[in-house]
Amino acid sequence: MSSVERSPWLIHYDASSCNGCDIEVLACLTPVYDAERFGCIVTGDPKQADIFLVTGSVNHLNAPIVKNIYDQMPEPKAVVAIGACAYSGGVFSECYNVTGGVASAIPVDVYVPGCAAKPESILNGVLQAAKILKDKEKAMRAERRGAERRSSND
Amino acid sequence: MTLPFFLVATPFFFGLLVLIIRADRLRRFVVMAGSAIQAALAVALAISAWPTLPARYEATVPYLDYLVLGGELAMAAFVVVVSAVKKRPLTLVLGILQAALTVAGERWTGGIEAQTHFYVDQASLLLVLIVGVVGGLIIVYAGGYMWTYHEEHPAVKDRRRLFSFTTLSFLGAMYGLVLSNDLRLMLVFWEMTTLASFILIGYAQDEAAEKSAFLALNLNILGGLAFSGGIILLAARAGTVELDALIGMAGTANAAIIAAPVALIALAGLVKSAQLPFTPWLLGAMVAPTPVSALLHSSTMVKAGVYILIRLAPAMTGTTVGYLVSFVGIATFLMGAFAAVSSRNAKRVLALSTVSNLGLIAACAGVGTYELVWVALFLVLFHAVAKALLFISVGTASTGTGSLDIESMGGLIVDMPRITLFLIVGISCMFVAPFGMLVSKWAAMEAFINLNSLVSPFMIAALAFGSATTVLFWAKWMGTLVRMPDPNAPRGRLEEKVTRYELNAQFSLMFLAIAACVLYPLVSKYAFEPYLLGAYGKTFGLDRSNMMVTVLMVCMTVAVPALLIFISGRNRRGLSAAYMSGRVAGPGLAFKGAKGAELRVATRAYYLDGVFGEGKILRIGIGAGILLVLIILGTVLI
Amino acid sequence: MKGIELYIALAYVLLGPLVGGLMSGMDRIITARMQGRVGPPILQPFYDLRKLFTRRIAPVNRLQIPLVACHLLFAVLTGALFFYGSDILLIIFVLTLASVFLILAAYSTGSPYSTIGADRELLLMTAYEPMIIIALVGLFGVAKSFNFYEILRSPTPPWVFLPGIYLGLVLVFMMKLRKSPFDISTSHHAHQELVMGLTADMGGPAYGLVELAHWYESVYLFALALLFFGSNWIVAAVGLSLTYTLIIFLDNITARVKWGLVMAIAWTVTLVAGVGNLIPFYIISRGTP
């Protein structure tokens with residue numbers, strides 16, 4: 001009985017991407033790829049989002065921002081790092097300001113490879129993240145039930 | 001005769017007593033006692049006169065006409081002296097005119113003996129109770145407020161004795177005005193309220209206060225002149241100076257005779273209730289201390305203006321004058337509402353809202369069918385209570401925040417939670433369904449629809465637009481109050497200096513406001529419907545089931561949010577930050593700007609100066625008002 | 001007769017979200033097809049709602065959830081009273097009360113996004129309220145009643161006499177249903193300007209409650225539109241579908257209007273199409289008993 005898997009709402013943030021991956025993310029919403037078929041909606045409000053799509057590498061300036069957006073999202077949440085830069089910094093990994101991929105700021109669940117990543121891969125990554133969310137949700141519910149049982153036993 | 005007489009005399013007695021007491025605390029005690037006693041007398045009159053309404057009383061005061069004449073001339077003399085001292089030539093001329101008209105009036109009406117001096121019925125009792133209870137509570141409030149006022153305004157000379165004397169005597173004058181049937185007697189009390197207003201507006205004795213006081217005096221004397229003119233015409237044409245006789249002639253063969261007197265007296269009523277084009281005097285009067293604004297300029301004195309219009313309604317219905325009065329009223333309703341949108345000064349918004357609602361009452365009274373008079377009476381009741389509550393809460397709030405700017409009341413729910421509660425209840429009562437004012441506006445719409453006259457669609461359109469605009473400026477204010485930028489801030493820190501007199505008065509008025517909204521079907525059934533039966537031969541009441549729906553909803557609207565908010569206090573999960581996008585600078589509302597600089601957020605409501613700019617709106621309104629008033633005067637001359 | 005009306009009102013309370021959700025789903029599918037996409041399954045809004053209520057998110061302050069809950073309560077009450085046959089002029093003011101609760105919930109957070117969203121929502125309310133009142137007065141003029149069922153039974157369908165008013169009402173629907181070009185305070189997720197504006201600080205269950213209230217409101221609004229077509233079901237079905245499709249179509253082809261123009265546009269339309277329709281109708285109908 002998963003609710004999140006059927007209705008994954010996305011929030012997209014461009015960390016320091018060249019916009020290549022971002023254009024592909026937007027392409028997912030267009031008629032040929034149509035992410036809305038899966039119930040995906042791209043929202044700008046992290047409080048209403050389930051899956052965090054990050055493109056581009058993380059540097060000193062945008063690390064707190066990425067963390068901030070991640071913190072504002074409600075539980076359970078998943079992170080999808082799109083593109084080579086989001087994975088490791090890509091061709092910019094040696095730069096003085098780049099601290100690495102998205103994983104250097106927040107925990108990542110799915111990596112989508114590519115430079116730029118293809119819309120089909122991105123969709124695949126989002127759906128994988130939705131499945132991961134389903135598992136997280138189940139775990140959360142089990143833990144809550146366990147906590148209730150523990151508190152009622154006291 | 002005894003009880004009405006005592007009711008009128010008691011506040012004067014206490015006022016004079018207060019004048020001679022120098023000790024502040026003792027004087028305050030006497031003021032509170034006097035306020036309580038007069039309120040008790042008002043209630044006593046209501047209860048005792050109830051079974052035998054309407055009741056007529058003849059005054060057995062010896063030499064009453066000489067007292068009336070003397071009083072009038074004394075007041076005119078006062079005006080002349082004050083205007084000479086303060087070098088106000090216009091007022092001087094008006095004062096002399098007033099004296100002249102009094103003497104002329106005496107020549108015309110001196111021979112006429114009134115049979116009924118005082119007339120008590122449901123409408124006058126409504127005003128009596130409002131003056132007594134609401135007025136009494138405002139005086140209690142003033143007992144606390146004026147002490148803080150002088151601490152905050154050390155430059156203002158402490159004339160609290162004069163203040164207490166004037167406010168108490170004013171109550172007596174209001175009782176006299178409301179209960180009078182002899183129009184000459186009513187005029188004396190009418191002029192007394194004008195003088196009380198003049199003294200109290202000028203309390204601070206600075207330039208703004210003096211200017212506003214004289215503006216109010218000029219316009220209200222003008223209204224008084226119209227009133228005098230009306231009495232003289234009535235005496236000359238119909239041989240009577242009594243109000244019930246005047247109304248009795250409505251709709252009969254004598255109707256044409258009374259058209260001119262009715263027009264002039266209605267004009268006086270329009271001046272007193274600050275309808276266009278006379279609105280500026282009320283707006284200027286807001287420089288007075290808050291209890292004055294609450295007592296005179298929203299709940300009682302301006303109500304006298306619409307009270308006389310409601311009384312005259314049977315004589316105005318279907319006549320040209322009646323329609324003209326209602327056009328003035330509806331124009332004021334619209335213009336007042338529009339102008340209030342762009343105003344940032346809290347008292348100004350309240351003043352414009354007052355004028356707007358009085359305009360609606362005047363519009364109902366001008367068209368004057370029994371349905372619309374029902375609406376007018378309820379508007380008087382709900383407005384008096386809610387506006388008093390709002391004014392006195394704003395007074396305390398502005399003392400706490402140090403400013404009358406609505407934007408300074410941002411987040412007041414954290415700083416002054418109790419005052420915010422009073423403000424929210426007061427504001428809700430003014431525009432939110434199912435509270436009183438909205439029920440009255442709904443009934444007004446239904447009444448205009450049922451009127452099936454050519455003016456109906458215009459009135460309804462004006463009501464629709466005006467009603468929508470009131471939602472805008474009231475909800476805007478409520479939103480400013482509930483903004484909680486920092487939910488963890490220490491609560492109530494600005495409420496420490498609020499006196500218990502203020503809190504008691506505010507709490508009582510809040511309770512009264514809600515009680516009025518819940519009990520209004522009873523008021524309708526036992527008070528207003530009999531009045532309409534008496535005045536029109538038929539009565540009107542809202543459909544019982546609709547009334548029950550609104551009462552139930554009032555209970556829900558009060559209880560449900562209160563309950564839920566109370567429950568939410570037990571939230572153990574903590575709070576999250578407000579949405580401030582990504583680049584936040586720590587807790588609280590600030591962004592990180594270039595080079596890490598912190599940029600605090602400042603939000604404010606829309607004021608829409610371009611569209612609803614006060615100056616522009618009032619100019620249009622005053623122009624329209626002058627035109628209509630000239631037409632009314634035209635009907636008198638023809 | 002009171003019995004049936006009570007059951008219909010109860011049916012509205014219990015089944016209203018079903019109808020509202022399906023309408024919302026249809027809306028998204030039609031929008032998608034207009035854009036050449038496939039669109040979500042028709043039950044998608046229900047999946048969304050279910051998901052929203054499973055979120056765990058701390059509120060911004062203690063007023064938020066109570067105020068949003070009151071918003072939902074009074075929105076449902078409005079519709080329930082409407083279908084019970086109460087005076088619809090009174091009920092429209094209850095709807096205003098419900099909207100005020102939502103606006104206060106948005107104001108309470110202090111965030112600039114929700115504050116501006118709330119300011120604009122108030123602007124929208126001021127813009128459309130005169131038109132609704134004129135529409136209801138027009139309905140009364142035709143049917144001589146403020147009761148839903150009696151208006152439905154009126155001999156001539158009101159739209160014949162009140163076409164201008166109906167057009168004004170379509171404008172109102174566009175504002176209330178958060179459709180372009182009047183979605184200045186909050187909008188569908190894809191069209192955001194103020195990052196969800198009015199509902200910027202509402203996540204999880206709070207947003208779920210707002211969505212639910214929106215569905216109840218949509219059902220109620222279309223019932224109001226139904227009143228204009230009278231009890232001829234075929235005409236009503238055609239009329240309502242055309243209206244619905246027109247609104248979605250306009251949503252897709254227009255850009256958001258500048259917030260300052262909203263009131264000017266709405267009030268002009270109200271005066272011209274609304275009052276301009278009401279006055280002649282009034283004058284003509286005064287002659288006939």
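The numbers attached to residues start from 1 for each chain and follow its sequence in the written order. For this description, chains carry letters from A and ligands carry numbers from 1, given in the order in which they are written. Per-residue local features of the predicted model are confined to residues with pLDDT of at least 70, and side-chain atom pairs are confined, for both listing and counting, to 80 or more; whole-chain, interface and lining totals are unaffected and use all residues.

Okay, the overall build of chain C next. Comment: elements are numbered from the N terminus, with helices defined as DSSP H or I runs of at least four residues and strands as E runs of at least two. Per the secondary structure count, chain C includes 10 helices and 0 strands. Counting from the amino terminus, helix and strand elements in chain C follow one another as α-α-α-α-α-α-α-α-α-α. A globule of 289 residues ought to have a C-alpha radius of gyration of about 19 Å, and chain C, at 19 Å, matches this closely. Projected onto its principal axes, the C-alpha positions of chain C cover 60 × 45 × 40 Å. Values of the radius of gyration come from C-alpha atoms, whereas the globule rule sets the reference at 2.2 Å times the count of residues to the power 0.38.

What follows deals with the overall build of chain B. Within chain B one finds 24 helices and 4 strands. Computed over its C-alpha atoms, the radius of gyration of chain B comes to 25 Å, within 12% of the 26 Å expected for a compact globule of 638 residues. On the principal axes, the C-alpha backbone points of chain B span a range of 85 × 60 × 45 Å. In chain B, buried positions account for 61% of the 638 residues. By the convention adopted here, residues are in contact when the distance between their C-beta atoms, placed from the backbone, does not exceed 7 Å. A separation of at least 24 residues holds for 80% of the contacts in chain B among residues at least 6 apart in sequence. Burial is judged by counting the other C-beta atoms within 10 Å of a residue's own C-beta: 20 or more makes it buried, 12 or fewer makes it exposed, and any count in between marks it as partly exposed, with every C-beta position built from the backbone.

A few words on the confidence of the model for chain B. The quantity called pLDDT is the predictor's confidence in a given residue, expressed from 0 to 100. Averaged over all residues, the pLDDT of chain B equals 88, while 98% of them reach at least 70. Confidence scores differ between elements of chain B, with strand 3 (residues 590-592) of chain B showing the lowest mean pLDDT of 80 and helix 15 (residues 346-367) of chain B the highest of 94.

Next up on the list: the sheet that holds strand 5 (residues 78-82) of chain A. Residue and element names in this part refer to chain A. Strand order in the open sheet formed by 5 strands is 2-1-3-5-7, with parallel pairing between adjacent strands. The strands lining the two open edges of the sheet, one partner per strand, are strand 2 (41-43) and strand 7 (110-112). The sheet shows a mean angle of 30° between the axes of neighbouring strands, direction not considered. Of the strands in this sheet, strand 1 (9-14), strand 3 (51-55) and strand 5 are in contact with helix 1 (residues 20-27), which crosses strand 3 at around 140°. Pairing between two strands requires that DSSP report at least two bridges joining them. Here the axes come from fitting lines to C-alpha atoms, over the contacting stretch only for helices, and the angles between their N-to-C directions go from 0 to 180 degrees.

Looking now at helix 7 (residues 183-201) of chain B. In this model helix 7 of chain B runs 27 Å from its N-terminal to its C-terminal C-alpha over 19 residues, within 8% of the 27 Å that 1.5 Å per residue would give. Judged by how many residues are buried, helix 7 of chain B sits mostly within the fold: 19 of 19 residues are covered. Expected helix span is given by 1.5 Å per residue-to-residue step, counting one fewer step than there are residues.

With that out of the way, let us pick up the interface of chain B and chain C. Listed by partner, the interface residues are 51 residues for chain B and 54 residues for chain C. At the level of elements, helix 19 (436-451), helix 20 (456-482) and helix 22 (544-568) of chain B are the ones that each hand at least two residues to the side of chain B that touches chain C. Sorting elements by how many residues they give to the side of chain B that touches chain C places helix 20 of chain B first, with 16 residues. Grouping the constituent residues of the side of chain B that touches chain C by class yields 33 nonpolar, 14 polar and 4 charged. All amino acids are sorted into three groups, where Ala, Val, Leu, Ile, Met, Phe, Trp, Tyr, Cys and Pro are nonpolar, Asp, Glu, Lys and Arg are charged, and the leftover types, Gly among them, are polar.

A separate point is the packing of helix 1 (residues 2-20) of chain B against helix 6 (residues 160-179) of chain B. For any two helices packed against each other, one specifies the inter-axial angle together with the distance between the axes. All names here are of chain B. The interhelical angle for the contact between helix 1 and helix 6, taken along N-to-C directions, is 170°, at an axis separation of 7 Å. It follows from the interaxial angle that helix 1 and helix 6 lie roughly antiparallel. Residue-level inspection shows Pro-4, Leu-7, Val-8, Ala-9, Pro-11, Phe-12, Phe-14, Gly-15, Val-18 and Leu-19 of helix 1 in contact with helix 6, the latter providing Arg-161, Ser-164, Phe-165, Leu-168, Ser-169, Leu-171, Gly-172, Tyr-175, Gly-176 and Leu-179. Taken together, the residues of the contact of helix 1 with helix 6 break down into 14 nonpolar, 5 polar and 1 charged. Roughly parallel covers angles under 35 degrees, roughly antiparallel covers those over 145, roughly perpendicular covers 65 to 115, and oblique covers all other angles.

Trans peptide bonds make up most of the peptide bonds, and negative phi angles are found at most residues other than glycine. Here the amide bond leading from Cys-115 of chain A into Ala-116 of chain A is cis, since omega sits at 0°, within 30 degrees of zero. Along the polypeptide, Ala-116 of chain A turns up in the loop between strand 7 and helix 4 (119-153). The omega angle of the peptide bond from Leu-276 of chain B to Pro-277 of chain B is -5°, so this bond is cis rather than trans. Looking at the secondary structure, you find Pro-277 of chain B in the loop between helix 10 (255-272) and helix 11 (280-284). Of note, Leu-608 of chain B is a non-glycine position whose phi angle comes to about 50°, a positive value.

Let's shift gears to the interface of chain A and chain B. Opposite the 5 residues of chain A that make contact, chain B presents 4 residues. Looking at side-chain class alone, the side of chain A that touches chain B contains 2 nonpolar, 1 polar and 2 charged residues.

With that out of the way, let us pick up helix 7 (residues 163-176) of chain C. Residue and element names in this part refer to chain C. Taking 1.5 Å per residue, 14 residues should reach 20 Å; helix 7 reaches 20 Å between its end C-alpha atoms and fits that length. Across the 14 residues that make up helix 7, a large majority, 11, are buried. Taken together, the buried positions of helix 7 are Gly-164, Ile-165, Tyr-166, Gly-168, Leu-169, Leu-171, Val-172, Phe-173, Met-174, Met-175 and Lys-176. Of the residues flanking the end of helix 7, it is Arg-178, one or two places downstream, whose phi is positive at about 60°.

Our next topic: the pairing of strand 5 of chain A. Residues and elements named next belong to chain A. Of all 5 residues in strand 5, 5 are buried, a share of seventy percent or more. Judged by which residues are buried, strand 5 turns out to be covered on both faces: Ala-78, Val-80 and Ile-82 on one side and Val-79 and Ala-81 on the other are all buried. The sheet contact formed by strand 3 and strand 5 spans 5 bridges and is parallel. Within strand 5, the position partnered with Phe-52 by the bridge is Val-79. Of the strand pairs in this sheet, strand 5 and strand 7 are connected by 3 bridges, and their pairing is parallel. When the sheet's bridge partners are listed, Val-80 is paired in strand 7 with Val-110.

Our focus in this paragraph is the environment of Ala-81 of chain A. All names here are of chain A. Mapped onto the secondary structure, Ala-81 falls in strand 5. Distance from Ala-81 to Ser-104, taken between C-alpha atoms, is 11 Å for residues 23 residues apart in sequence. Aside from chain neighbours lying at most four places away, what touches Ala-81 is Val-54, Ala-86, Tyr-87, Gly-101, Val-102, Val-108, Tyr-111 and Val-112.

Looking now at the environment of Ala-363 of chain B. Tracing the backbone shows Ala-363 of chain B in helix 15. Along the chain, Ala-363 of chain B and Gly-144 of chain B lie 219 residues apart, while their C-alpha atoms are 37 Å from each other.

Once that is clear, we can look at the packing of helix 3 (residues 64-85) of chain B against helix 7 of chain B. All names here are of chain B. Two elements in contact, helix 3 and helix 7, have axes whose closest approach is 10 Å; the angle formed by their N-to-C orientations is 25°. Put simply, helix 3 runs roughly parallel to helix 7. Of the two elements, helix 3 crosses helix 7, and the hand of that crossing is left-handed. In contact with Val-68, Gly-71, Glu-72, Met-75 and Phe-78 of helix 3, helix 7 contributes Arg-184, Leu-185, Val-188, Glu-191 and Leu-195. In this scheme the crossing of two helices becomes right-handed for a clockwise turn of the near helix relative to the far one and left-handed for an anticlockwise turn of less than a right angle.

This paragraph deals with the pairing of strand 1 of chain A. Residue and element names in this part refer to chain A. For strand 1, the buried fraction is high: 5 of the 6 residues fall into the buried class. The pairing of strand 1 with strand 2 spans 3 bridges and is classified as parallel. Counterpart to Leu-10 in the pairing with strand 2 is Val-42. Once the chain exits strand 1 it traverses helix 1 before rejoining the sheet at strand 2, and the crossover so formed is right-handed. Direction of pairing for strand 1 relative to strand 3: parallel, over a ladder of 5 bridges. Among the inter-strand pairings, Tyr-13 is bridged to a residue of strand 3, identified as Val-54. We call a crossover right-handed when, viewed with the strands running away from us, the connection from the first strand over the helix to the second turns clockwise.

Turning to the confidence of the model for chain C, a few remarks are in order. Fine structural detail should not be taken from predicted coordinates in areas where pLDDT scores are low. On average, residues of chain C carry a pLDDT of 90, and 98% of them reach 70 or more. Model confidence for the complex is summarised by a pTM of 0.93, with the ipTM given as 0.93.

What follows concerns the environment of Pro-280 of chain B. Mapped onto the elements, Pro-280 of chain B comes out in helix 11. Overall, the presence of 16 C-beta atoms within 10 Å leaves Pro-280 of chain B in the partly exposed class.

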